[in-house]
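Each chain, written out:
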Amino acid sequence: MTVTEMITRFEKNMKELVDEIRELDTTLNAKKEEFFRLQGAIEGLKMAKEQEDGGEVELDSGKQELISQHVEG
């Protein structure tokens, strides 16, 4: 294989990787949105339950570290 052929192959591989990264990034962002929607729904339901029970609920939705906490541990 010549150097020119290797460069061509590597450039093709690099383009494919960039396309895959973009696709994965889109998927990751969609999953983050889904996570925050679910978190909001859970908090809304907790608030409704607490109102029924006559208490208060502390809310913490919208924090990026929530995802990390759930993914890492």
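The preceding data block contains the structure.
Residues numbered from 1 in each chain as written. Predicted model: local features only at pLDDT ≥ 70, side-chain atom pairs only at ≥ 80, totals over all residues. Heavy atoms only, no water.

S.K.: Even after reading the chapter, I still don't get the overall build of the protein, so can you show me in this structure?
M.R.: From N to C terminus, the protein includes two helices and zero strands. Counting across all 73 residues of the protein, residues that qualify as buried make up 7%. (Helix = DSSP H or I, 4+ residues; strand = E, 2+ residues; numbered from the N terminus. Buried < 20%, exposed > 50% of the residue type's maximum accessible area, 1.4 Å probe, protein only.)

S.K.: Got a minute to help me understand the pattern of salt bridges in this structure?
M.R.: If the charged atoms of two oppositely charged side chains come close together, the side chains can form a pair. Enumeration over the complete set of coordinates arrives at four salt bridges. For the salt bridge of Asp19 with Lys15, the shortest nitrogen-to-oxygen distance reads 3.0 Å. Here Lys15 and Asp19 lie together in helix 1 (residues 3–53), a separation of four residues that amounts to about one turn. A relative accessible area of 37% means that Asp19 is categorised as partly exposed. The closest approach of N and O atoms between Lys49 and Asp53, which form a salt bridge, is 3.1 Å. (Salt bridge = Lys/Arg side-chain N within 4 Å of Asp/Glu carboxyl O.)

S.K.: Please explain helix 1 as it appears in this structure.
M.R.: For helix 1, built from 51 residues, the straight-helix expectation of 75 Å at 1.5 Å per residue is met to within 8% by its first-to-last C-alpha distance of 73 Å. Within helix 1, burial applies to Phe35, Gln39 and Glu43. Of the residues one or two after helix 1, Gly54 is the one with positive phi, at around 85°. (Expected span 1.5 Å × (residues − 1).)

S.K.: I would appreciate a short explanation of the packing of aromatic side chains in the present structure.
M.R.: Within this structure, the stated rule accounts for one aromatic pair. An angle of 80° between the planes, with centres 5.4 Å apart, marks the rings of Phe35 and Phe36 as edge-to-face. Phe36 sits in the partly exposed class, given a relative accessible area of 23%. (Phe/Tyr/Trp six-rings, centres within 6.5 Å; stacked < 30°, edge-to-face > 60°.)

S.K.: When you look at a nonpolar patch on the surface in this model, what are you seeing that I'm missing?
M.R.: Residues Met1, Met6 and Phe10 make up a contiguous nonpolar surface patch of about 330 Å² in total accessible area. Here Met6 shows up in helix 1. (Patch = residues over 30% accessible without salt bridge, like charges linked within 9 Å, V, L, I, M, F, W, Y side chains within 5 Å. Areas by Shrake-Rupley, 256 points an atom, 1.4 Å probe, with all protein chains shown as cover.)

Take it as geometry only, folks, not as evidence of what the structure does.
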